[in-house]
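Listed below are the residues making up each chain.
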Amino acid sequence: MEIPRIKQFLERKNNVMNSNENFGVKYLPERTPLKSLINHCTNYYLNRSLRHYTRIGFWPHIYKPRTFNEHLLHRMLVEKTSFNQYIDKAKARDLVKSVLGEQYIPKRYLLTHEARIPWDELPNRFVLSGTHGSGMTMVIGDKESLDKELAEKVSASWLKINYGKRVKESLYSTLEPTLLFEENLTEIGGELPEDYKF
């Protein structure tokens, strides 16, 4: 099925779904054939629209946005707004520090672009994360019992990841791969602090 026919199909579905009062927010079944198309779609505009459709349940109105997600898509695809200060963990820390103050962010120990970890400069407990994507985090409770060679291999692999290309998010492709070492906020032997996502 070529792209114009897919778009026509989605627009017809969208017209039916948008007749609801809450902007047609309905969730599609988990296994929809559109999910397989998304991975093969190279057109960024269509890719983002298909992702919105499969996750939110209706074709987005990008030029006349009504919902929060549509406004984000509008800023990404039409206005080409730079979100670097929000998606790069190191820059986001600096933004929070400038707006709210240093007391609201964990202490930063080190920021490096190199795979070799300077173990002597780090405390016994810390958090290691890649600033240029998601899912790149190691919570270190005791560096003495840690397999340091494995940790360096993992962090070196993070530095090679082009997260933007992996998840088809061009915004992440502009970020320089960096490792961030910061304070571990867990109590000794305790749980991680609650993480609120909006």
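One can find the structure itself at the top, above this paragraph.
Nothing here was measured: the structure is a model prediction, and the numbers come from that model. (Residues numbered from 1 in each chain as written. Predicted model: local features only at pLDDT ≥ 70, side-chain atom pairs only at ≥ 80, totals over all residues. Heavy atoms only, no water.)

All right, on to the overall build of the protein chain then. If you tally the helices and strands in the protein chain, you get nine helices and four strands. Evaluated residue by residue, the protein chain yields a buried proportion of 39% over its 198 residues. Taking contacts inside the protein chain between residues at least 6 apart in sequence as the whole, the part at least 24 apart equals 57%. Of the roughly 13,100 Å² of accessible surface on the protein chain, a fraction of 52% belongs to carbon and sulfur atoms. (Helix = DSSP H or I, 4+ residues; strand = E, 2+ residues; numbered from the N terminus. Buried < 20%, exposed > 50% of the residue type's maximum accessible area, 1.4 Å probe, protein only. Contact = heavy atoms within 4.5 Å. Areas by Shrake-Rupley, 256 points an atom, 1.4 Å probe, with all protein chains shown as cover.)

Inspection of every chain in the model, using the stated rule, returns three salt bridges. Among the salt bridges present, the one from Glu-182 reaches Arg-93, with a minimum N-O distance of 2.6 Å. Here Glu-182 is found in strand S4 (residues 179-183), whereas its partner Arg-93 is found in helix H6 (residues 89-99), with 89 residues between them in sequence. Accessibility assignment for this pair places Glu-182 and Arg-93 in one class, buried. Taking the shortest distance from any N to any O, the salt bridge between Lys-153 and Glu-149 comes out at 3.8 Å. Of this pair, Lys-153 and Glu-149 both sit in helix H7 (residues 148-160), separated by four residues, roughly a single helical turn. Residue Lys-153 shares its accessibility class with Glu-149, and that shared class is exposed. (Salt bridge = Lys/Arg side-chain N within 4 Å of Asp/Glu carboxyl O.)

Right, let's get into the packing of aromatic side chains. Between two aromatic rings, the relevant description is the distance of the centres plus the angle of the planes. A complete count under the given rule lists four aromatic pairs for this structure. A centroid spacing of 6.3 Å and a plane angle of 55° characterise the contact between Trp-119 and Phe-126, whose relative ring orientation is tilted. Ring plane angle 55° and centroid distance 6.0 Å describe the contact between Phe-126 and Phe-181, whose orientation is recorded as tilted. Residue Phe-126 is located in strand S2 (residues 126-130), and its partner Phe-181 is located in strand S4; the two are separated by 55 residues in the primary sequence. We note that Phe-126, like Phe-181, is buried. An aromatic cluster is defined as three or more aromatic residues linked by ring pairs; in this entry it consists of Trp-119, Phe-126 and Phe-181. Above the ring of Trp-119, the side-chain terminus of Lys-148 is found at 5.8 Å from the ring centroid. (Phe/Tyr/Trp six-rings, centres within 6.5 Å; stacked < 30°, edge-to-face > 60°. Lys NZ or Arg CZ within 6 Å of the ring centre and 35° of its normal.)

A few words now on the nonpolar core. Residues Leu-122, Phe-126, Leu-128, Trp-158 and Phe-181 are the most contacted members of the largest nonpolar core, which totals 16 residues. The set of elements that each furnish at least two residues to this core consists of S2, strand S3 (137-140), H7 and S4. No other element matches H7, which puts three residues into this core. Of all hydrophobic cores here, the second largest spans eight residues; its members include Leu-77, Phe-83, Ile-87 and Leu-175. (Core = buried A, V, L, I, M, F, W, Y, C linked by side-chain atoms within 4.5 Å.)

A word on the environment of Trp-119. Here Trp-119 shows up in the loop between strand S1 (108-112) and S2. Overall, Trp-119 belongs to the buried group, its relative accessible area being 14%. A C-alpha to C-alpha distance of 8.3 Å links Trp-119 and Lys-143, two positions 24 residues apart in sequence. Not counting chain neighbours up to four residues away, the residues in contact with Trp-119 comprise Phe-126, Lys-143, Leu-146, Lys-148, Ala-151 and Glu-152.

Glancing now at the packing of helix H3 (residues 44-56) against helix H4 (residues 68-77). Contact geometry of H3 with H4 gives a least axis separation of 11 Å together with a crossing angle of 170°. The pairing of H3 with H4 is recorded here as roughly antiparallel in orientation. Taken together, the residues of H4 that come into contact with H3 (itself represented by Tyr-44, Tyr-45, Arg-48, His-52 and Ile-56) are Asn-69, Glu-70, Leu-73, Met-76 and Leu-77. (Axes fitted to C-alpha atoms, helices over the stretch in contact; angles between N-to-C directions. Parallel < 35°, antiparallel > 145°, perpendicular 65-115°, else oblique.)

Here we come to the sheet that holds S4. Strand order in this open sheet of four strands is S1-S4-S2-S3, and the pairing throughout is antiparallel. This sheet does not close on itself; its edge strands, each paired only once, are S1 and S3. Within this sheet the neighbouring strands show an average axis-to-axis angle of 15°, counted without direction. Here S2 runs beside S3; their pairing, made up of four bridges, is antiparallel. By the bridge assignment for S3, Phe-126 is matched with Ile-140. Here H7 sits on the sheet in contact with S2, S3 and S4, set at roughly 155° to S3. (Pairing = 2+ DSSP bridges.)

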